[in-house]
Amino acid sequence: MPKEVAVVTGANKGIGLAIVRALCKDFDGDVYLTARDVGRGQQAVQDLEKENLHPKFHQLDITSKESIGKLKDFLEKNFGGLDVLVNNAAIAYKVNSTAPFTEQAEVTVACNFFGTLDVCDALFPVLRPHSRVVNVASRRGTITLGKMGKELVSKFRSSTLIRSELIALMNQFVRDVKAGNHEAEGWLTRAYGTSKLGVIALTAVQARTMAGDSREDILINSCCPGLVATDMNPKGTKTPDQGAETPVHLALLPVNAGKPQGEFLGEKKVIPWLIDGAGMNYNTYE
Ligand SMILES: NC(=O)c1ccc[n+]([C@@H]2O[C@H](COP(=O)([O-])OP(=O)(O)OC[C@H]3O[C@@H](n4cnc5c(N)ncnc54)[C@H](OP(=O)(O)O)[C@@H]3O)[C@@H](O)[C@H]2O)c1
């Protein structure tokens, strides 16, 4: 049996670092802490070493196809595949950011949605049977969805949405923002929430696609870690280790668990949001 391997993106701090910490304790294989900045990533590995944990390091910038390709080659060469992928890396402009919303929309969607998509596109082909994929999203995604125009809501919530349609929607958001008509078109002035809605919808699309795959028992889910005190959210009330609980639960779902599949979870529970789910739960923080 080849050695199992887990990869966590954006893991030099915050929830990603806490996910690596938990996987080092409970995952039976090598755990790769990845970071876009080599110095910050290696420092984080050294910090975990002081806790007597032994993650490995690999550079990964999810907005660089070259960087993603290097990680894929490395995994294939050294492990022959991948068993756990936690897409945790993301950015959020501060609420008081003075950056134009056109920039916020483009940059946030490029990193959080398209970066995550590119990582998945590169690494899904090397996933082994029984792999687990966790896309760390946010309830901000469903909150944003709940306030969007009806037509957009039904497109995002459609259980027959396909990849090309979702990509077109995310591009349309950025285009409408640039054209200055995004609110008239039913979008919110929310770059982060829209990008995370994209990740939640992508997860459902990916799980439906995986249903036709010959590799057995690959589970793909998204989740909200809760309000976690990190650089992204200094007002969060959970510790990063608490925020890691739901992502790690999904990363370590037992062999042949069967479900959840393609779902969005918070506090380890499925949050229904698709059109044919048991009604929509906006799950607002407010
Ligand atoms: N904190 C919360 O309350 C909360 C709530 C809901 C969802 N989330 C989600 O939880 C995840 C972790 O958030 P966090 O609170 O831990 O945020 P954080 O402390 O800001 O950490 C974000 C991590 O992502 C990395 N990153 C950003 N862009 C990247 C890129 N292009 N390539 C690779 N890594 C990149 C950052 O690296 P650098 O250090 O190099 O910037 C950092 O390691 C995110 O997906 C976030 O949206 C957080």
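Here the structure is a predicted model, which means the values were calculated and not measured. (Residues numbered from 1 in each chain as written. Predicted model: local features only at pLDDT ≥ 70, side-chain atom pairs only at ≥ 80, totals over all residues. Heavy atoms only, no water.)

Brief notes about the nonpolar core
The cut-off we apply is this: The term nonpolar core refers to a set of buried residues drawn from Ala, Val, Leu, Ile, Met, Phe, Trp, Tyr and Cys, joined through side-chain atoms within 4.5 Å. For every residue, the accessible area (1.4 Å probe, protein chains only) is compared with the maximum for its type, and the residue is labelled buried under 20%, exposed over 50%, or partly exposed between those bounds. For helices the rule is a DSSP run of H or I covering at least 4 residues; for strands it is a run of E covering at least 2, with both sets numbered from the N terminus onward. Contacts are residue-level and defined by heavy atoms, with any inter-residue pair within 4.5 Å sufficient.
If you look at the biggest cluster of nonpolar residues, it comprises 34 residues, and the most contacted ones within it are Phe-113, Met-148, Phe-156, Leu-166, Phe-173 and Trp-273. Of the residues forming this core, the biggest block, eight residues, is contributed by helix 8 (residues 191–210). With residues near it in sequence (within four places) discarded, Phe-113 still touches Thr-108, Leu-166, Ile-167, Met-170, Ser-195, Gly-198, Val-199 and Leu-202. Counting 29 residues, the second largest nonpolar core, distinct from the first, contains Ile-15, Ala-18, Val-45 and Leu-53.

Topic: the sheet that holds strand 6 (residues 219–224)
Selection criterion: By the convention used here, strands pair only if DSSP detects at least 2 bridges between them. Working convention: axes come from line fits to C-alpha atoms, limited for helices to the stretch in contact. Angles between N-to-C directions cover 0 to 180 degrees.
Taken in spatial order, the eight strands make up an open sheet running 3-2-1-4-5-6-7-8, and their pairing is mixed. One side of each edge strand has no neighbouring strand; the edge strands of this open sheet are strand 3 (56–59) and strand 8 (269–270). Pairing analysis gives five bridges linking strand 5 (residues 127–136) to strand 6, with the strands arranged parallel. The partner of Asn-135 across the bridge, within strand 6, is Ser-222. Here helix 4 (residues 101–123) sits on the sheet in contact with strand 4 (82–87) and strand 5, set at roughly 175 degrees to strand 4.

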